[in-house]
Amino acid sequence: MSSYFPIPNNFQICTRNDLSIESSITVFNYPNNSLLRNINKKRDKIYYYVYFLNNNKWVKCYQKECVYGNYLEIKRSELNIPKEMFAVAIPSFNKNQQDELDILFKPSSTKNDMCPVAERASYNFYINNSITSFQGEYPYELALDKRYSFFSFDSLRLDRDVNSKTFLILINLNKDPRKKDFHKVYFYKSSNKSLLKEIIVRSNSIKNICISDICEHNNSIIDPTFITCSSTTFIPIYVTIQDDNSNYQISVEHTHPPAEMFWGETKYKSLKKLKSNWILK
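Residues numbered from 1 in each chain as written. Predicted model: local features only at pLDDT ≥ 70, side-chain atom pairs only at ≥ 80, totals over all residues. Heavy atoms only, no water.

> Got a minute to help me understand the overall build of the protein chain in this structure?
Tallying secondary structure elements over the protein chain gives 1 helix and 19 strands in all. Residues classed as buried in the protein chain amount to 51% of the 281 residues present. By sequence separation, contacts in the protein chain at least 24 residues apart represent 72% of the contacts at least 6 residues apart. In the form shown here, the protein chain has an accessible surface area of approximately 14,500 Å², with 46% of it arising from carbon and sulfur atoms. (Helix = DSSP H or I, 4+ residues; strand = E, 2+ residues; numbered from the N terminus. Buried < 20%, exposed > 50% of the residue type's maximum accessible area, 1.4 Å probe, protein only. Contact = heavy atoms within 4.5 Å. Areas by Shrake-Rupley, 256 points an atom, 1.4 Å probe, with all protein chains shown as cover.)

What follows is the structure in structure tokens.
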């Protein structure tokens with residue numbers, strides 16, 4: 001399974017308009033997971049491209065070679081594009097990818113065996129001198145023109161008091177730059193399924209939401225908020241900022257797709273039941 005790597009936008013925190021969360025991704029030319037005897041099978045150079053969405057085209061704004069065993073950090077602030085533009089990094093063994101694309105090409109894979117683990121990048125978030133990261137990706141299959149749904153919950157939040165905030169980053173990617181549909185994302189209280197908030201998110205976008213302003217952290221363990229969408233899917237990232245007298249700490253968490261909560265022959269029956277109960281609209 002090959003992967004795209006959308007690059008989150010830098011964004012300002014709610015309490016300080018002059019302070020931003022900055023993002024980058026660290027990408028590799030090295031198999032993330034492989035048997036030891038297979039680890040050095042591939043030694044090809046790979047090229048990382050960054051394309052941004054401009055009207056109905058994907059436009060190249062970055063290209064760099066990465067030799068086998070090396071890595072690159074791609075900082076959002078160093079891309080010469082408007083801050084609100086959607087940007088995605090793509091690995092390719094082709095060093096001559098076009099400057100403009102009508103459809104994103106399929107990412108190249110650095111895998112050298114049949115390991116089912118997806119190829120990943122390090123997603124990094126900075127605030128002042130603090131940094132946090134996690135390993136993530138946007139699977140190629142999710143970027144195809146298929147109908148998906150989305151389900152997540154906020155139990156991993158870490159905003160424990162008034163000096164902390166949690167932001168939910170929703171990432172949606174489609175290979176086709178003309179896909180700009182509007183989708184309704186719902187926030188529900190799990191105990192009684194009451195609607196807390198409805199937000200509109202577009203295809204091919206990265207949406208930053210201050211979830212602390214929607215629902216209190218105190219209830220996120222015993223009465224979590226469920227976040228759902230019936231018309232598309234997202235990669236959800238939860239970023240928490242703790243302000244201790246302007247000494248900032250930052251942490252990041254993410255939830256897995258519902259299909260990964262189950263195992264065995266009845267996996268998809270359980271998944272269907274879960275979605276029928278919680279993807280309400």
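Back to the text.
> Quick question: what am I supposed to make of the pairing of strand E4 (residues 46–54) here?
Where burial is concerned, most of E4 is hidden: 8 out of the 9 residues are buried. By the bridge criterion, 9 bridges tie E4 to strand E5 (residues 57–66) in an arrangement that is antiparallel. By the bridge assignment for E5, Tyr-48 is matched with Lys-64. If you look at the hairpin formed by E4 and E5, you'll find 2 residues sitting between the two strands, and Asn-55 has a positive phi there, around 60 degrees. Of the strand pairs in this sheet, E4 and strand E7 (residues 87–92) are connected by 6 bridges, and their pairing is antiparallel. Residue Tyr-49 lies in a different strand from E7, and its bridge partner there is Ile-90. (Pairing = 2+ DSSP bridges.)

> Is there a simple way to explain the confidence of the model for the protein chain in this structure?
Where the model shows low pLDDT, its predicted coordinates should not be examined in detail. Here the protein chain averages 86 in pLDDT, while 86% of its residues score no lower than 70. When mean pLDDT is taken per element in the protein chain, strand E8 (residues 100–101) scores highest with 98 and helix H1 (residues 267–278) scores lowest with 68. (pLDDT = per-residue confidence, 0-100.)

> Can you help me understand the pattern of salt bridges in this one?
It is possible for side chains bearing opposite charge to pair when their charged atoms get close. In this structure the tally under the stated criterion is 10 salt bridges. Asp-102 is the partner of Lys-57 in a salt bridge, and the nearest nitrogen-oxygen pair spans 2.4 Å. With Lys-57 in strand E5 and Asp-102 in the loop between E8 and strand E9 (121–127), this residue pair connects regions lying 45 residues apart in the sequence. Looking at Asp-102, the relative accessible area reads 48%, which means it is partly exposed. As a salt-bridge pair, Lys-60 and Asp-99 come within 3.2 Å of each other at their nearest N and O atoms. Remark: Asp-99 occurs in the loop between E7 and E8 and Lys-60 occurs in strand E5; sequence separation between them is 39 residues. For Asp-99, a relative accessible area of 52% translates into the label exposed. (Salt bridge = Lys/Arg side-chain N within 4 Å of Asp/Glu carboxyl O.)

> Please explain the sheet that holds E5 as it appears in this structure.
In a beta sheet, neighbouring strands pair by backbone hydrogen bonds and run either parallel or antiparallel. Sheet architecture is open: 6 strands sit in the order E8-E5-E4-E7-E1-E11, paired in antiparallel fashion. Both outer strands of the open sheet, E8 and strand E11 (138–139), are each paired with one neighbouring strand and no more. Here E5 runs beside E8; their pairing, made up of 2 bridges, is antiparallel. What sits directly across from Trp-58, in E8, is Leu-101.

> Any chance you could explain the packing of aromatic side chains here in plain terms?
Aromatic rings considered in pairs are described by the distance between their centres and by the relative angle of their planes. Overall, the coordinates contain 13 aromatic pairs when judged by the stated rule. Ring plane angle 70 degrees and centroid distance 5.2 Å describe the contact between Phe-151 and Phe-226, whose orientation is recorded as edge-to-face. Pair noted here: Phe-151 is in strand E12 (residues 150–153) and Phe-226 is in strand E17 (residues 225–229), with a separation of 75 residues, a long-range link. Residue Phe-151 shares its accessibility class with Phe-226, and that shared class is buried. Members of the aromatic cluster, joined through ring pairs, are Tyr-49, Tyr-51 and Phe-105. (Phe/Tyr/Trp six-rings, centres within 6.5 Å; stacked < 30°, edge-to-face > 60°.)

> For this particular structure, what's the right way to read the side chain of Ser-92?
Checked against the element boundaries, Ser-92 lands in strand E7. A polar side-chain atom of Ser-92 sits 3.0 Å from the main-chain amide nitrogen of Asn-94. In contact with Ser-92, other than residues within four places in its own chain, are Ile-46, Tyr-47, Tyr-49, Gln-97, Phe-105 and Ser-108. (Polar contact = N/O pair within 3.5 Å; in protein donor to acceptor, adjacent residues only side chain to side chain.)

> So what exactly am I meant to see when it comes to empty space enclosed by the protein here?
Taking a probe equal in size to a water molecule and rolling it over the atoms shows the remaining empty space. Within the structure shown, the criterion is met by 3 cavities of 30 Å³ or more. The calculated volume of the largest cavity comes to roughly 100 Å³. Of all the elements in the fold, those that place two or more residues in the lining of the largest cavity are strand E1 (3–6) and E4. Tallied by class, residues from the lining of the largest cavity come to 6 nonpolar, 4 polar and 2 charged. (1 Å grid on protein atoms, 1.4 Å probe; cavity = no way out; pocket = protein on both sides within 12 Å on 5 of 7 lines; lining within 4 Å. Points joined across faces, edges and corners; volume = space filled by probe spheres on them. Nonpolar A, V, L, I, M, F, W, Y, C, P; charged D, E, K, R; others polar.)

> It is not clear to me how the pairing of strand E3 (residues 20–28) should be interpreted in this structure. Could you clarify?
Regular strands have side chains that alternate between both faces of the sheet. Summarising the sheet, strand E2 (residues 11–12) and E3 pair through 2 bridges and their orientation is antiparallel. The partner of Gln-12 across the bridge, within E3, is Ser-20. Across 5 bridges, the pairing between E3 and E9 is antiparallel. Directly across from Ile-25, in E9, lies its bridge partner Tyr-123. Relative to strand E6 (residues 71–75), E3 is paired through 5 bridges, and the arrangement is antiparallel. Of the residues in E6, the one forming a bridge with Ser-24 is Lys-75.

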